[in-house]
Amino acid sequence: MDFIPGANERYLSVALSLAQYPVLASAIREQMRCVLFERGYILPQKFEAEAREAAIQTQQREGLTHPYEEEPAETWEMRLGKVRDQLTDIKFSMYLPFEELGQIINDILAQRGVTLPDTMLSMNPELAPIEMVFEQAMALERMPADQQMKYAARLHESKVVLIRTLISDQLPYINVAKEWFTIADLVEIRRRKIGLGRIGGKAAGMLLAHRILMAPADPPLSARLEIPESYYVGSHEFYTFMTINNLTHWIDQKYKTEEEMRADYPTIVNEFEAGKFPPDIEQKLATMLTNLNGSPLIVRSSSLLEDNFGTSFAGKYDSVFLPNQGAVEHSLHELTRAIAHIYASVLNPNALLYRRAKRLLDYDERMAVIIQVVRGERFGRYYLPHAAGVAFSRNQYRWAPQIRAGDGFIRLVWGLGTRAVDRVGNDYPRLVALSHPLLRPSTQPKFIRRYSQQYVDLLDLEDNQFKSLPVHQVLTTRYPPLRYLAQLEQDGYFTSLRGGVFEGGMTDLVLTFDELLRRTTFADQMRRILNRLERFYRAPVDMEFALELENFSASTPDLRITILQCRPQSHLEAVEQVQLPGNLPPEKVVFSTHFVVPSGFIPRVDYMLFVPPEGYFDIDSHLERTNLARTIGKLNAALAGRKFICIGPGRWGSSNSDLGVPVGFGDIYNARSLVELAGQGCGPEPEPSLGTHFFQDLLESQIYPLAITLDDPRTVFNRAFFDNCPDHSGEFIQVNKKLQSALRLIKISDCLPGHHLEVVMDDDHGQAMAYLSPDDPEGVAPTAESVQTDHSQNQAT
């Protein structure tokens, strides 16, 4: 039997819970009807008539055309009783506050000599409505400590149920979160949630990190730690949106071919962005915008799978900045369009291919959304934080042997943190090793300037837009934190600023962040924050943050650090220390590099996917270079189950095809290493791309990023090996004739029968080597000796 709709969520939750106690429920509802009748909200005769009419309607929905004849009297009475009870709940919820229902329940319990704890253990939190679980948990948490001990297990169970219902169903997360969240924390999360469903992984990580860091520490953290003002659109609303806009025919995209995914996606985005939201959701969003009163916003993805242990989804889904400077009606239109755009990104081919690589296609991935106030301050027409970035508790790619891997590192930028996590052409964040904050990857003045930040991401409040502008177009001597961010570069020397007046122009300023690192406790605070999070997460972590400096008149400014995101850090699995082989014949060394090397070992490589630099740069259109990237993706799929590495010019994964092959993670996820060639016409100087989303994808999939600097006299690159071996790509896929000169698949055993390739990476010596090794297990294997290769044999081109 189905019954009449109408009761709001809180009353409905109580009604469902009362079903466990039929005698008690009968007494409570009788008292509820008495109150309704006594106060004149409805006459008894009218109430009974409505109940009978509603009961007859339920019969008709079941196909009973002669209600009094086709149904036994006892069934009719049961039906009428159930409808009468629900109508009581509806009428009471329409006219009277929830607190009055609570008073009726308490009065009846008291009359019967029943106290809350007596009934506490009879309710199953796994099956009960969430409102009842909250009510019970709050009652338990309010108890005196001595009484609460008796119900500690029930409180624990209720907390787990609430975390799983509101936040995340991922067990590794729940195992940590249940030790930190209080019921009051969960109540606040629910208060800020719009719609049904969970708040998703990105929101989950941010909230848990903040909760861990707000607990007392010894010694205490001196920085102010905050999270942005945030609201959450529940994950169930994703399917509601698709249903009401007739978009459910796209739900099977994840099982289509890559070509179909990419062909369909522009249409998907257009259809989603044209969609409408349910009126109740739009009303709540409008109320939220009114209350935020023009604060700049960012709308962020927070899917159920995001930021989980082993699956970060870094950069796979979209985020949208909203300066929010127009009328509420305009801002609401922009906000709903942004949410719809993020919903569409669930079907982004790169996200679906990532899920395919991680064997997550069959998971019911739903998208929740976070709406956050952007942390920062207004500077003229612009809005931006003093600094932002991403911090990692472990550093597996040390650029100097004295750097302690366990102290972590930071990618730091001025302005919004988007430039810290995305690999953008011709621009660089400041890399900070937290064990040695002032130790740079390069100390040469020309490289300090070259590898400094050139553009800043910000919100232009007058144009109501997100923009990327040249640093010197925005920076002025009136900018309060200038002395902590920039230094003056003249004749190869960098000097700190001592006031608002200095010789030279703004173009002589270089963003080095040296004074921030030297004159504040920022690096120490970040190191301790990461250490604490790693300790309680029981895993390395990465954390996105924004930084604001306060109290500039003091000798040391105060720090306000805003946590934007926190998740388990993608990292290479630990391997036993494998040292470089000694006394190898030069002809057996395929390459050797000293540029930012991790620790690792790739045994028995059978193929190398090689993009010849001259062949790549002879392709003069971005479209054809993108086609090459997709062709590499097809070859990657065809090579599944075979061990291969990729070697090519410039920066793999760059959005600027002039700087390197514009592949996505979905094009190379089966590879074991991604090797970049730099210098001598092979692309720009290598940059330590540690910490970008693309870099994190590689580490998460145990793909080793390496770079070969051809201008380094220590480098070995045996180009003849690559040129003299036959191409096997045509045996696996069809390659367009225009691209054949830019793609080669080399089979190692062709070059030296009975051999395969092995790649050894030794971070203690800062060297990686790929060499030919015999298939016979008695052949050459890595030893404790360092390599003795004669570098005069360097065949780099």
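Owing to the predicted nature of the structure, the values given are computational and were not obtained by experimental measurement. (Residues numbered from 1 in each chain as written. Predicted model: local features only at pLDDT ≥ 70, side-chain atom pairs only at ≥ 80, totals over all residues. Heavy atoms only, no water.)

With respect to the sheet that holds strand 28 (residues 767-774)
Alright, step 1. Strand order in the open sheet formed by five strands is 20-27-28-19-25, and the pairing between neighbours is antiparallel. Pairing within the sheet leaves two strands with one partner each, and these edge strands are strand 20 (600-605) and strand 25 (716-717).
Alright, step 2. Relative to strand 27 (residues 755-762), strand 20 is paired through four bridges, and the arrangement is antiparallel. Residue pairing across strands places Ile 602 opposite Val 759, the latter belonging to strand 27. (Pairing = 2+ DSSP bridges. Helix = DSSP H or I, 4+ residues; strand = E, 2+ residues; numbered from the N terminus.)

Overview of helix 26 (residues 622-638)
In an α-helix, one full turn covers 3.6 residues, which means residues spaced three or four apart are oriented alike.
Alright, step 1. With 17 residues, helix 26 should reach 24 Å at 1.5 Å per residue; the first-to-last C-alpha distance of 24 Å fits that figure.
Alright, step 2. Those residues of helix 26 that are buried are in contact with helix 15 (258-273), strand 21 (607-610), helix 25 (613-617), strand 22 (644-649), helix 27 (665-668) and strand 26 (744-747). (Expected span 1.5 Å × (residues − 1). Contact = heavy atoms within 4.5 Å.)

Looking at the packing of aromatic side chains
Alright, step 1. Throughout the structure, instances matching the rule amount to 25 aromatic pairs.
Alright, step 2. Centre to centre, the rings of Tyr 607 and Phe 732 are 5.9 Å apart; their planes meet at 90°, and the pair counts as edge-to-face. Here the residue Tyr 607 occupies a position in strand 21, and Phe 732 occupies one in the loop between helix 29 (719-724) and strand 26, the gap between them amounting to 125 residues.
Alright, step 3. The class for Tyr 607 is buried, based on a relative accessible area of 9%.
Alright, step 4. Every member of this aromatic cluster is reached through a ring pair, and the members are Phe 238, Tyr 239, Phe 241, Phe 272, Phe 277 and Tyr 343.
Alright, step 5. When the ring centre of Tyr 231 is taken as reference, the NZ or CZ atom of Arg 192 above it lies at 5.0 Å.
Alright, step 6. Just above the ring of Tyr 484 sits the side chain of Arg 483; from NZ or CZ to the centre is 5.4 Å. (Phe/Tyr/Trp six-rings, centres within 6.5 Å; stacked < 30°, edge-to-face > 60°. Buried < 20%, exposed > 50% of the residue type's maximum accessible area, 1.4 Å probe, protein only. Lys NZ or Arg CZ within 6 Å of the ring centre and 35° of its normal.)

Some remarks on the pattern of salt bridges
Alright, step 1. One pass over the full model with this rule turns up 53 salt bridges.
Alright, step 2. Among the salt bridges present, the one from Glu 62 reaches Arg 79, with a minimum N-O distance of 3.1 Å. Here Arg 79 lies in helix 5 (residues 73-95) and Glu 62 lies in the loop between helix 3 (44-61) and helix 4 (67-70), a separation of 17 residues in the sequence.
Alright, step 3. On the accessibility criterion, Arg 79 (1% relative accessible area) is buried.
Alright, step 4. The residue Glu 548 makes a salt bridge to Arg 375 at a minimum N-O spacing of 3.7 Å. Of this pair, Glu 548 sits in strand 17 (residues 541-550) while Arg 375 sits in the loop between strand 6 (367-373) and strand 7 (377-379), and the two are 173 residues apart along the sequence. Each of the two residues, Glu 548 as well as Arg 375, counts as buried.
Alright, step 5. Among the ionic contacts, a cluster of salt bridges with common partners joins Arg 224, Glu 226, Arg 375, Glu 548, Glu 550 and Arg 560. (Salt bridge = Lys/Arg side-chain N within 4 Å of Asp/Glu carboxyl O.)

Notes on helix 18 (residues 349-357)
Alright, step 1. All of the buried residues in helix 18 are Pro 349, Ala 351, Leu 352, Leu 353, Tyr 354 and Arg 355.
Alright, step 2. Looking at the packing, one finds that the buried side of helix 18 touches helix 15, helix 27 and helix 28 (693-700).
Alright, step 3. Its side-chain oxygen at 2.9 Å from the backbone nitrogen of Asn 350, Asn 348 defines the N-terminal cap of helix 18.
Alright, step 4. Taken from the residues just after helix 18, Arg 359 is the one with a positive phi, measuring 60°. (Polar contact = N/O pair within 3.5 Å; in protein donor to acceptor, adjacent residues only side chain to side chain.)

Topic: the pairing of strand 9 (residues 387-392)
Alright, step 1. By the criterion of burial, strand 9 is predominantly enclosed, with six of the six residues buried.
Alright, step 2. Across the two faces of strand 9 the burial is the same, with Ala 387, Gly 389 and Ala 391 and Ala 388, Val 390 and Phe 392 all buried.
Alright, step 3. Note: strand 9 against strand 17, six bridges, orientation antiparallel. Within the sheet, the bridge partner assigned to Val 390 lies in strand 17 and is Glu 544.
Alright, step 4. Examined bridge by bridge, strand 9 and strand 10 (residues 409-413) share five bridges and lie antiparallel to one another. Bridging across to strand 10, Ala 391 finds its partner in Ile 410.

Considerations on the environment of Glu 544
Alright, step 1. The residue Glu 544 is located in strand 17 in this model.
Alright, step 2. Residues contacting Glu 544, with those up to four places away along its chain left out, are Arg 300, Gly 389, Val 390, Val 421, Thr 562, Ile 563, Leu 564, Gln 565, Arg 567 and His 693.

Points about the sheet that holds strand 13 (residues 465-470)
Alright, step 1. Read from one edge to the other, the open sheet built from four strands follows the order 7-8-12-13, with strand pairing classed as antiparallel. Looking at the sheet topology across the chains shown, the edges are occupied by strand 7 and strand 13. Strand after strand, the sheet turns through a mean of 45° between neighbouring axes, direction not considered.
Alright, step 2. Note: strand 12 (residues 455-460) against strand 13, six bridges, orientation antiparallel. Residue Leu 459 lies in a different strand from strand 13, and its bridge partner there is Phe 466. (Axes fitted to C-alpha atoms, helices over the stretch in contact; angles between N-to-C directions.)

What to know about the pairing of strand 12
Alright, step 1. Counting buried positions along strand 12 yields five of six residues, so the element is predominantly enclosed.
Alright, step 2. By the bridge criterion, two bridges tie strand 8 (residues 382-384) to strand 12 in an arrangement that is antiparallel. Directly across from Tyr 382, in strand 12, lies its bridge partner Asp 460.
Alright, step 3. What sits between strand 12 and strand 13 in their antiparallel hairpin is a turn of four residues, with Asn 464 showing a positive phi close to 60°.

As for the packing of helix 3 against helix 5
Alright, step 1. At a closest axis distance of 9 Å, the pairing of helix 3 and helix 5 adopts a crossing angle of 120°. What the angle tells us is that helix 3 and helix 5 run oblique. Crossing handedness for the pair helix 3 and helix 5: right-handed. Facing helix 3, whose interface residues are Phe 47, Glu 48, Glu 50, Ala 51, Arg 52, Ala 54, Ala 55, Ile 56, Thr 58 and Gln 59, helix 5 presents Trp 76, Arg 79, Leu 80, Val 83, Arg 84, Leu 87, Thr 88 and Lys 91.
Alright, step 2. For the contact of helix 3 with helix 5, a count of residues per class yields nine nonpolar, three polar and six charged. (Parallel < 35°, antiparallel > 145°, perpendicular 65-115°, else oblique. Left-handed = near helix turned anticlockwise from the far one by under 90°. Nonpolar A, V, L, I, M, F, W, Y, C, P; charged D, E, K, R; others polar.)

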